[in-house]
Amino acid sequence: MPLIEVQPDSDFPIQNLPYGIFSTQANPSPRVGTRLGDVVVDLSLLDDEGRFDKKYGFFADATLNRFMASGREVWREIRQRLIKLLREEQASINAEALIPANEMQMHLPVSIGDYTDFYASREHATNVGIMLRGKENALMPNWLHLPVGYHGRASSVIVSGADVTRPCGQVKRKDAPLEFTASRQLDFELEMGFFVGTGNELGEPISIDDAHEHIFGMVLLNDWSARDIQAWEYQPLGPFLAKNFATSISPWVVTMDALDPFRVRGPQQDPTPLPYLKTDSANGFDIQLEVTLQSARMDAPQTISRSNMKHLYWSIEQMLAHHTITGCNMRVGDLCGTGTISGPTEDSYGSLLELTWRGEKPIQLSGGEARTFLQDGDALTMKGYCQGDGYRIGFGEVSGRIVPGREDK
Ligand code: CA
């Protein structure tokens, strides 16, 4: 068995080792794998063959939940064992456990109980605020004091590659009667998602200093949004149908152990947050993000935005501490989105709403088309990675193609 080669620009070097759920034609049972270069490593087979220090059992599951619930100590023990196995004992691994990545089918990695979406980018909140309320009142009075969020819809979280059906709903255009129509302002939102590994008991908040112990890992997340439906429905309780039809995530969950070397200080927080949100540790992440769009007529994707998670004002630890401060209990497999990650420059905005400034500045596509919002047949892809010294910790991609809504069929 030749050793697995990993190119320097691969998302999946030995320092990464993300977890996902995969199946193959030969063995259609979804099960847990990790990834090294272009190879998927079947952890259920390794577990069966006694290649870990003990038998875990949960690698044969169709979700990561039981593995996640085992806690940070076990996550670390397994990661250390895998690094040793793949570095030093690779030649002894059963060839059947090493599967070419192009033969696998990836599945939703986690059974998600609850999904919460935050609004943690100051640039994004400011841009949207300017469009809605003008420059003077861009940020709401609460925004610098707490990570604003809302409870989203877990049932429609889908894995990369799944098509997205254009939603229909009530749309009220200026000076026009109310209509029921397929959304004409379908948008994406460039976000990161994080999964809760171990939760908390009802009534017992997760403290800001313990929050990192509860987070299993991160994925790329596209919070698809129908802006015209949103504009009519959102007051006073926030988004509802505009965001509940689909949320796409990348299939490989990158662990916090792999991401920790890429922690950076986030933006200075002024005013100082209340004590339950205050932390002195570096809690941002230097994750380079890219969004591409390819219409049905284009031969290749075109980059329409480049951003970075380090721009986020609120950290994921602050989101978790805030979410639970009332005593709200998080459970294994809960998903939180960061909110759209916009950077400070016009080419780093994380949504079409901002990139085209509400449709005023269409994006020119190679081949002559222009876009304000997404059209049927458009494929939208997000990628992300941390750049190390000679290696990358990457997330692969989250991709989705727009297909016509019911009304248009
Ligand atoms: Ca969002």
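So, a few notes on the structure that sits alongside this text.

## Examining the coordination of the calcium ion
Logical step 1: Only Asp 117 (OD), Glu 189 (OE), Glu 191 (OE) and Asp 223 (OD) from the protein coordinate the calcium ion, and they sit 2.2 to 2.3 Å from it.
Logical step 2: Under the relative-accessibility criterion, Glu 189 is labelled buried at 4%.

## Let's talk about the pairing of strand 21 (residues 302-308)
The side chains of a regular strand alternate between both faces of the sheet.
Logical step 1: Here strand 21 lies mainly inside the structure; 5 of its 7 residues are buried.
Logical step 2: As paired elements, strand 20 (residues 288-294) and strand 21 share 6 bridges and run antiparallel to each other. Note on strand 21: the bridge partner recorded for Leu 289 is Ser 307.

## Focus: helix 4 (residues 122-133)
Logical step 1: Taking 1.5 Å of rise per residue, 12 residues should cover 16 Å, and helix 4 covers 15 Å from first to last C-alpha, within 8% of that figure.
Logical step 2: Every buried residue of helix 4 is listed here: His 124, Ala 125, Asn 127, Val 128, Gly 129 and Met 131.
Logical step 3: Where the residues of helix 4 are buried, they touch helix 9 (352-355).
Logical step 4: Downstream of helix 4 by a residue or two, Gly 134 has a phi angle that is positive, lying close to 90°.

## As for the packing of aromatic side chains
Logical step 1: According to the stated counting rule, one finds 15 aromatic pairs in the structure shown.
Logical step 2: Centre to centre, the rings of Phe 67 and Phe 216 are 5.4 Å apart; their planes meet at 80°, and the pair counts as edge-to-face. Here Phe 216 lies in strand 14 (residues 215-222) and Phe 67 lies in helix 2 (residues 65-69), a separation of 149 residues in the sequence.
Logical step 3: Residue Phe 67 is classed as buried on the basis of its relative accessible area of 1%.
Logical step 4: Geometrically, the ring pair formed by Trp 143 and Tyr 313 is tilted, given 5.4 Å between the ring centres and 50° between the ring planes.

Reading the values: the criteria
Residues numbered from 1 in each chain as written. Predicted model: local features only at pLDDT ≥ 70, side-chain atom pairs only at ≥ 80, totals over all residues. Heavy atoms only, no water. Donors = N, O, S within 2.8 Å, 3.2 Å for Na, K, Ca; no water. Buried < 20%, exposed > 50% of the residue type's maximum accessible area, 1.4 Å probe, protein only. Helix = DSSP H or I, 4+ residues; strand = E, 2+ residues; numbered from the N terminus. Pairing = 2+ DSSP bridges. Expected span 1.5 Å × (residues − 1). Contact = heavy atoms within 4.5 Å. Phe/Tyr/Trp six-rings, centres within 6.5 Å; stacked < 30°, edge-to-face > 60°.

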